[in-house]
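Residues per chain, in single letters:
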Amino acid sequence: MSDPGREPLRIGVLGAARITELSLVGPARTTGHRLVAVAARDRSRAEAFADEHDVERVVDSYSDLLADPEVEVVYNPLANGLHGPWNLAALAAGKHVLSEKPSASNAEEAAEVREAAAKSGTVFMEAFHYLFHPVTRRLHEILESGELGELQRVETLVAIPAPADSDPRWSLTLAGGAVMDLGCYSLHAVRMLAPWAGGAPRLVSARGGERAGAPGVDEWLDAELEFPGGATASARCHMAYGQLEMSCRIVGSRGEAYAPNFVLPHRDDRVVVRTAQGERTERLGTRSSYTYQLEALAAHIRRDTPLPLDADDALATMSLIDESYRAAGFEPRPRTAL
C-alpha cells in the first residue's frame, strides 16, 4: 500500500488463545493487515500458532514482543486477569492496544489503564466488536428514526453452555466469572443507548449465583438499570445456560426491535421489527463483526477517523461491572500480579 493512510497495521499477538483465529487472524487476512509477531508462555505453542496462521515470526516472551520496534499494535486476548497488567505494559512501551474485554480486573486497575493511555498518547481500544456490525448500528438507527417511539425498556441476555471446570473463566484469581466474560456485553450494550435515554444508566439492583466449587465466582448475574429519561433495562448473563443466547430487545412506546444474536451476528444477522404497521425482518449480513472492528481501528490509527471505544469507555464499563458485583453480593475481581 503506497498510501500511508492505508498502510497495513503491524500487529503483535500476546499468547496463542483460541479466540484469536476468529477475532484477529481471519480479519487481518481479509483486510490485509500484518501479524508480525506472536509470543506465548510456551514457545512451542507460539511456533505452532505462527505456522498455522502465517504469523511472520515468534519471539521469546511477552516483554520481547512489547520491545519489538516493528510491532505497533498489541492484541491482548490473554486470560481476564492478565488484561490489565499487559495493557499497562504495552501502553508504557508506546504501543497501540486492542484488548479483549474487559480492560482490567476491576475499576481501580481500569483507571490506571486510562491514565497510561493518556500518558502514552497511543490508541487504547476495548474489543467490543459487536458495536461495529450493521446489526447493532441498525438497532441504533431504528431507535434514532423514531419508528419505535420513546425508549421504554431494553433487555439483553448473553449466555452460553458451561465451560469445563478447568477453564480459566471459572478462576477468581484470573478474574473469571459470568459478568467478566459475558455480562460485560450485556451492560455495554445497555450503556450504548444513553443518547436515546437522557444519559447513562444507573444500576438499580443486581442478583447472582455462585458457581459450585468456585467460591466468589459468579455463574450468572441479572442487573436492573434505569436511565435518566425513565426507561429501564435488564442486563443478564449466564455461563452455565442450556444453550447459546446473545439477544437484545429494544422496546419503545410504538414498537420494538429484536436482535437474536447481537454479539455474534455472523451466526444470525436478523433484526426483527414489530410495530402497529406489522412485522418485518431485516438481514444485515454475516460478515464478521471482528472484521468491521479491525477496519475501524485501522482507520482511526491511520486516518484519525472517529472511534467510539477508548479507555474512558472501558473504565465506565468496568465501574458498572464492579457495582453490579457488589450489589449482587460478590466482590470485584482481584488484581493479578505478573
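Preceding this paragraph is the structure being described.
Given the structure is predicted, the values throughout are model-derived calculations rather than measurements. (Residues numbered from 1 in each chain as written. Predicted model: local features only at pLDDT ≥ 70, side-chain atom pairs only at ≥ 80, totals over all residues. Heavy atoms only, no water.)

(A) Local environment of the packing of helix H4 (residues 83-92) against helix H5 (residues 107-120). Between H4 and H5, the least distance of the axes is 9 Å, while the angle of their chain directions is 10°. Between H4 and H5, the angle falls in the class roughly parallel. Residue-level inspection shows Gly 84, Pro 85, Asn 87, Leu 88 and Leu 91 of H4 in contact with H5, the latter providing Glu 109, Glu 112, Val 113, Ala 116, Ala 117 and Ser 120. Partitioning the contact of H4 with H5 into residue classes produces six nonpolar, three polar and two charged. (Axes fitted to C-alpha atoms, helices over the stretch in contact; angles between N-to-C directions. Helix = DSSP H or I, 4+ residues; strand = E, 2+ residues; numbered from the N terminus. Parallel < 35°, antiparallel > 145°, perpendicular 65-115°, else oblique. Contact = heavy atoms within 4.5 Å. Nonpolar A, V, L, I, M, F, W, Y, C, P; charged D, E, K, R; others polar.)

(B) Representation of the side chain of His 33 within the structure. Within the secondary structure, His 33 sits in the loop between helix H1 (19-31) and strand S2 (34-39). Its relative accessible area of 13% is what places His 33 among the buried residues. Here Leu 9 takes part through its backbone nitrogen, which lies 2.9 Å from a polar atom of the side chain of His 33. Apart from the residues within four sequence positions on either side, His 33 is in contact with Pro 8, Leu 9, Ile 11, Ala 28, Leu 294 and Ala 298. (Buried < 20%, exposed > 50% of the residue type's maximum accessible area, 1.4 Å probe, protein only. Polar contact = N/O pair within 3.5 Å; in protein donor to acceptor, adjacent residues only side chain to side chain.)

(C) Spatial organisation of the sheet that holds strand S4 (residues 96-99). One open sheet accounts for five strands, arranged S2-S1-S3-S4-S5; its pairing is parallel. Every interior strand has two partners, whereas the edge strands, S2 and strand S5 (124-126), have only one. On average, each strand axis in the sheet is inclined to that of its neighbour by 20°, with strand direction left out of account. Where strand S1 (residues 10-14) lies against S2, five bridges are found, and the strand directions are parallel. Bridged to Gly 12 within S2 is Ala 37. Running over the sheet, H1 touches S1, S2 and strand S3 (73-76) and is turned about 150° from S3. Strands S1, S3, S4 and S5 of the sheet are contacted by H4, whose axis makes an angle of about 165° with S4. (Pairing = 2+ DSSP bridges.)

(D) Focus on helix H7 (residues 178-191). For H7, with 14 residues, the first-to-last C-alpha span of 18 Å sits near the 20 Å given by 1.5 Å per residue. In H7, a bend of some 40° at Cys 184 exceeds every other bend along the element. Counting buried positions along H7 gives 14 out of 14 residues, so the element sits mostly inside the fold. (Expected span 1.5 Å × (residues − 1). Bend = angle between axes of the 7 residues up to and from the residue.)

(E) A look at the sheet that holds strand S10 (residues 245-252). Across the sheet, which stays open at both edges, the eight strands sit in the order S7-S8-S9-S6-S10-S11-S12-S13 with mixed pairing between neighbours. Among the strands making up the open sheet, the edge pair consists of strand S7 (202-210) and strand S13 (278-283). The average angle at which neighbouring strand axes cross in this sheet is 10°, direction not considered. Here eight bridges tie strand S6 (residues 151-159) to S10, and the two strands are oriented antiparallel to one another. Residue pairing for S10: Thr 156 is matched across the bridge by Cys 248.

(F) Quick peek at a negative patch on the surface. A cluster of acidic residues, Glu 21, Asp 51, Glu 52 and Asp 54, forms a negative patch on the protein surface. Looking at the secondary structure, you find Asp 54 in the loop between helix H2 (43-53) and helix H3 (62-67). In this structure Asp 54 comes out as exposed when scored by relative accessible area, which is 60%. (Patch = residues over 30% accessible without salt bridge, like charges linked within 9 Å, V, L, I, M, F, W, Y side chains within 5 Å. Areas by Shrake-Rupley, 256 points an atom, 1.4 Å probe, with all protein chains shown as cover. Salt bridge = Lys/Arg side-chain N within 4 Å of Asp/Glu carboxyl O. Lys, Arg positive; Asp, Glu negative; His and termini not counted. Charge placed at Lys NZ, Arg CZ, Asp CG, Glu CD.)

(G) Just the layout of surface pockets, in detail. For the largest pocket, the calculated volume is near 1,100 Å³. Around the largest pocket, the lining is made up of 35 residues, and of these Ala 17, Arg 18, Ile 19, Pro 77 and Arg 169 lie nearest the centre. Listed by contribution, the elements that provide at least two residues to the lining of the largest pocket are H1 and H7. The dominant element in the lining of the largest pocket, judged by the number of residues it contributes, is H7, at three residues. (1 Å grid on protein atoms, 1.4 Å probe; cavity = no way out; pocket = protein on both sides within 12 Å on 5 of 7 lines; lining within 4 Å. Points joined across faces, edges and corners; volume = space filled by probe spheres on them.)

(H) Local environment of empty space enclosed by the protein. Applying the stated criterion across every chain, the model contains one cavity of 30 Å³ or more. Around the largest cavity sit Tyr 130, Thr 136, Leu 139, His 140, Ala 189, Leu 193, Cys 248, Ile 250 and Phe 262, which together line it. Only helix H6 (134-145) and S10 provide two or more residues apiece to the lining of the largest cavity. Broken down by element, the lining of the largest cavity gets its largest block of residues, three residues, from H6. Class assignment of the residues belonging to the lining of the largest cavity gives a composition of seven nonpolar, two polar and no charged.

(I) Expanded view of the environment of Cys 248. With respect to the secondary-structure elements, Cys 248 resides in strand S10. Note: C-alpha distance between Cys 248 and Val 73 (175 residues apart in sequence) is 31 Å. Residues in contact with Cys 248, not counting those within four places in the same chain, are Leu 139, Glu 155, Thr 156, Ala 257, Tyr 258, Ala 259 and Phe 262.

(J) Main features of helix H9 (residues 311-327). Taking 1.5 Å of rise per residue, 17 residues should cover 24 Å, and H9 covers 24 Å from first to last C-alpha, within 8% of that figure. For H9, the side-chain oxygen to backbone nitrogen distance between the N-cap and Asp 312 is 3.1 Å, and the N-cap itself is Asp 310. Looking one or two residues beyond H9, the residue adopting positive phi is Gly 329, at roughly 90°.

(K) Looking closely at the pattern of salt bridges. Evaluated as defined, the whole model comprises 35 salt bridges. The shortest N-O distance in the salt bridge between Arg 153 and Glu 224 comes to 3.1 Å. Linking Arg 153 in strand S6 with Glu 224 in strand S8 (residues 218-226), this pair joins segments that are 71 residues apart in sequence. Residue Arg 287 pairs with Glu 295 through a salt bridge whose shortest N-O separation is 2.6 Å. Sharing partners across several salt bridges, the network here consists of Arg 153, Glu 155, Glu 224, Arg 249, Glu 256, Arg 274 and Glu 279.

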